[in-house]
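Residue-level structural notes
The lines below spell out each chain.
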Amino acid sequence: MAQVVQAQAKPRLSFWQIWNMSFGFLGIQFGFALQNANVSRIFETLGGTEIALYWLAAPVTGLLVQPIIGYLSDRTWSPVFGRRKPFFMIGAVLASLSLLIMPNASVLWMAVGMLWILDSSINISMEPFRALVGDLLPSDQRTAGFAAQTFFIGVGAVVASLLPWIFNNWVGIPNTAPAGEIPPSVKWAFYCGGVVFFLAVLWTVVKTKEYPPENLEEFEREKREATFWQGVEETFMGIFRMPKTMSQLALVQFFTWFGLFAMWIFTTPAVTRHIYGATDATSKLYNEGADWVGLCFGIYNGVSAVFALLLPVLAKRTNRRVTHLICLCLGGLGLISIYFIKDPNFLAVSMVGVGIAWASILSMPYSILAGSLPANRMGYYMGVFNFFIVIPQIVAGTMLDFINKNIFHGESIYVLVVGGCSMILAGFLTLLVKDVDEDKVA
């Protein structure tokens, strides 16, 4: 009987049920924020010069891992362990161990290798969380569900981004180290991140109940009849069979995430050089600038956590596409404004715009997408959707270092301006997207 009811309409969940199912993102974002704010710093400390090239480890792992995990989680069901939850825990264990090991890398190749492992592990946990919202929530609660995830992403990222600064300024742990060594404040930030990642995901696993597939007999029959090669073909060729809304959002995602990766990869060298006038990664001035970048990343994530609570209201007053347009334009202007700043304190103003955009980026595209996806392929298509995050990162990794060195002559601040323009373009492309849920309501 429960199966029949679910096939007809998904029950509405309470505030605390949505809270519990989203809480694991607090831990996931702990790992993601520590990676984004500190990995370029670790690479430079260990003597790395091709920063954007090293970062290619992250998108390549995402390109491979997310569709595979989505395909597998769509075909997983256990009355005891659920559908998506086993993948939450596998990713959490691997990511937590990676966070404990990475800051102890003694050579560059070890740090790059740990980035591969860490990013793969984060992807294993993160992809099923996106699908879980589509699994459990009716269409009119999905914006709230993704906004709740964004809230925890913001909170986790604020704390994680601030940890090296907190350990240095409040606890007295040094933020400098001899040449070739990771500062102790960064090491302790990663240790804390490993613990928080595991415990937050464990909370969601314990507190969230998943539904069985809508037609359990059909689900089991598909599993029995599917061959290994059919699974491989479906996993990697599904990009050519995606729904129309997904293909339209792909272009939005490309320019959005190109701008984001420009920011994540080049904010530290841009701020330390353009505002602090420091280029030596072992100098006190450089490390002060790098710590301030972490603080700024914490600010934009804090803004996103708060603004995420307003997104459902703004989307209801306008619609999800217009909401995304407004937010992306504010984010792009925030990045461009860094070029005009000389006092690092004013970077906080720029980060407000970035934070508003980040809140929408983590909510609106997925909320729009979920309404266009078949229920039995929700995890898979959410994984394929990650291609349009990964592809711009690969483009950024292969192009931006060349552009920075040969066109901008090492002035990384211009890369941030390009990133801001890319984000504004993505905002206007959102207006071309067909929102299936809005059409149903109309």
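Note on numbering: residues in each chain are counted from 1, in written sequence order. Only residues with pLDDT of at least 70 get local features here, since the model is predicted, and only at 80 or more are side-chain atom pairs given and counted; chain-wide, interface and lining totals rely on the full set of residues. The side-chain figures draw on all heavy atoms in the structure; neither hydrogens nor water molecules are used.

**Concerning the packing of aromatic side chains**
- Two rings belonging to Phe, Tyr or Trp (six-membered ring only in the last case) form a pair when the distance between their centres is within 6.5 Å. Interplanar angles under 30 degrees mark stacking, angles over 60 mark edge-to-face geometry, and anything in between is tilted. Scanning the model with the defined rule gives 29 aromatic pairs in all.
- Ring geometry for phenylalanine 32 and tryptophan 264: centres 5.7 Å apart, planes at 85 degrees, overall edge-to-face. In this pair, phenylalanine 32 is assigned in helix α3 (residues 24-45) and tryptophan 264 in helix α12 (residues 244-274), connecting sequence segments 232 residues apart.
- What makes tryptophan 264 buried here is its relative accessible area of 2%.
- Seen in terms of ring centroids, phenylalanine 261 and tryptophan 264 are 5.4 Å apart; in terms of plane orientation they differ by 70 degrees. Their pairing is edge-to-face. Here phenylalanine 261 and its partner tryptophan 264 are both found in helix α12, 3 residues apart, which amounts to about one turn of the helix. When sorted by exposure, phenylalanine 261 lands in the same class as tryptophan 264, which is buried.
- The rings of Phe15, Trp16, Trp19, Phe23, Phe151, Phe152 and Trp203 are connected pair by pair, giving a single aromatic cluster.
- The lysine or arginine in question, lysine 207, covers the ring of tryptophan 203, its NZ or CZ lying 5.1 Å from the ring centre. The numbering of helices and of strands both runs from the N terminus, where a helix is a DSSP run of H or I of at least 4 residues and a strand a run of E of at least 2. Throughout this description, buried means an accessible area under 20% of the type-specific maximum (1.4 Å probe, protein chains only), exposed means over 50%, and partly exposed covers the range between. Two conditions define a charge located above a ring, namely a distance within 6 Å from the ring centre to NZ of Lys or CZ of Arg, and an angle within 35 degrees of the ring normal.

**Comments concerning empty space enclosed by the protein**
- Here a cavity denotes grid points, spaced 1 Å and computed from the protein atoms alone, that fit a 1.4 Å probe unable to get out, and a pocket denotes an open set having protein on both sides within 12 Å along at least 5 of 7 lines; residues with an atom within 4 Å of a point are the lining. Grid points are joined across faces, edges and corners, and a volume is the space filled by probe spheres set on the points. Under the counting rule described, the total for this entry stands at 4 cavities of 30 Å³ or more.
- In this structure, the largest cavity encloses a volume near 310 Å³.
- Lining the largest cavity are 28 residues, with Phe32, Asn123, Met126, Asn386 and Ile389 sitting closest to its centre.
- Think of it as three bins: nonpolar holds Ala, Val, Leu, Ile, Met, Phe, Trp, Tyr, Cys and Pro, charged holds Asp, Glu, Lys and Arg, and polar takes everything else, Gly as well. Looking at the lining of the largest cavity residue by residue, the classes come out as 18 nonpolar, 8 polar and 2 charged.
- In this structure, the second largest cavity encloses a volume near 80 Å³.
- If you go around the second largest cavity, the residues you meet are Thr45, Thr176, Ala177, Pro178, Ala179, Gly180, Glu181, Pro183, Ala281, Thr282 and Asn287.
- Class assignment for the residues of the lining of the second largest cavity results in 5 nonpolar, 5 polar and 1 charged.

**Side note on a nonpolar patch on the surface**
- Residues Val93, Leu97, Leu100 and Ile101 make up a contiguous nonpolar surface patch of about 310 Å² in total accessible area.
- Take leucine 100: it is sitting in helix α6 (residues 85-101). For patch building, the residue pool is restricted to those with more than 30% relative accessible area and no salt bridge; the joining distance is 9 Å between like charges and 5 Å between nonpolar side chains (Val, Leu, Ile, Met, Phe, Trp, Tyr). Values of accessible area rely on a 1.4 Å probe in the Shrake-Rupley scheme; residue burial ignores everything except the protein chains shown. Every case where a carboxyl oxygen of Asp or Glu lies within 4 Å of a side-chain nitrogen of Lys or Arg is listed as a salt bridge.

**Here's the deal with the nonpolar core**
- What we call a nonpolar core is a set of buried Ala, Val, Leu, Ile, Met, Phe, Trp, Tyr and Cys residues that are connected through their side-chain atoms within 4.5 Å. Formed by 120 residues in total, the largest nonpolar core has its most connected members in Phe43, Trp264 and Trp358.
- For this core, the leading source of residues is α12, giving 15 residues.
- By the convention used here, residues are in contact when the closest approach between their heavy atoms is within 4.5 Å. Setting aside residues up to four positions removed in sequence, tryptophan 264 forms contacts with Phe32, Asn36, Ser40, Trp257, Phe297, Tyr300 and Trp358.

**Side note on the pattern of salt bridges**
- The tally for this structure, following the rule as stated, stands at 5 salt bridges.
- With a closest N to O distance of 3.0 Å, aspartate 74 and arginine 84 form a salt bridge. Taken together, the residues span a long stretch of sequence, with aspartate 74 in helix α5 (residues 57-74) and arginine 84 in the loop between α5 and α6 at a distance of 10 residues. When sorted by exposure, aspartate 74 lands in the same class as arginine 84, which is buried.
- A salt bridge links arginine 320 to aspartate 435; its shortest N-O distance comes to 2.8 Å. Here arginine 320, found in helix α15 (residues 320-337), pairs with aspartate 435, found in the loop between α20 (413-429) and α21 (436-441); they are 115 residues apart in sequence, far enough to count as distant.
- For arginine 320, a relative accessible area of 7% gives the class buried.
- Overlapping salt bridges, with partners in common, bring together Asp74, Arg84 and Asp135 in one network.

**Description of the packing of α15 against α20**
- Orientation of α15 relative to α20, taken along the N-to-C sense of each, is 170 degrees, at an axis distance of 7 Å. It follows from the interaxial angle that α15 and α20 lie roughly antiparallel. Along the contact surface, α15 presents Leu325, Leu328, Cys329, Gly331, Gly332, Leu333, Leu335 and Ile336, while α20 presents Leu416, Val417, Gly419, Gly420, Cys421, Met423, Ile424, Ala426, Gly427 and Phe428.
- When the residues that make up the contact of α15 with α20 are grouped by side-chain class, the tally is 13 nonpolar, 5 polar and no charged. Helix axes are fitted only over the stretch in contact, all axes being lines through C-alpha atoms; the angle between N-to-C directions runs from 0 to 180 degrees. Orientation categories follow fixed angle ranges, with anything under 35 degrees roughly parallel, anything over 145 roughly antiparallel, 65 to 115 roughly perpendicular, and all other angles oblique.

**Topic: α15**
- What a helix is expected to span follows from its residue count: subtract one and scale by 1.5 Å. Here α15 is 18 residues long and its end C-alpha atoms lie 26 Å apart, about the 26 Å a rise of 1.5 Å per residue gives.
- Those residues of α15 that sit buried are Arg320, Thr323, His324, Leu325, Cys327, Leu328, Cys329, Gly331, Gly332, Gly334, Leu335 and Ile336.
- Counted as a polar contact is a pair of N or O atoms within 3.5 Å, where, for protein atoms, one must be capable of donating a hydrogen and the other of accepting one, and residues adjacent in sequence contribute only when both atoms are in side chains. Where α15 begins, the side chain of asparagine 319 points an oxygen toward the backbone nitrogen of arginine 321, at a separation of 3.0 Å.

**A short note on unusual backbone geometry**
- A positive phi angle is found at histidine 409, which is not glycine, with a value near 55 degrees.
- Following the sequence through the fold, histidine 409 ends up in the loop between α19 (387-406) and α20.

**Notes on the environment of methionine 246**
- Note on placement: methionine 246 falls in helix α12.
- In this structure, the C-alpha to C-alpha distance between methionine 246 and valine 107, residues 139 residues apart in sequence, is 41 Å.
- Each residue touching methionine 246, except ones within four places of it in the same chain, is listed here: Leu369, Leu373, Tyr381, Val384, Phe385 and Phe388.

**Quick word on the environment of threonine 150**
- Its place among the elements puts threonine 150 in helix α8 (residues 139-171).
- Distance in space between the C-alpha atoms of threonine 150 and serine 360 is 8.3 Å, their sequence separation being 210 residues.
- Threonine 150 has contacts with Ser304, Ala305, Ala308, Ala359, Leu362 and Ser363, leaving out every residue within four places of it along the chain.
- Engagement of the side chain of threonine 150 in a polar contact is seen with the side chain of serine 363, the distance being 2.5 Å.

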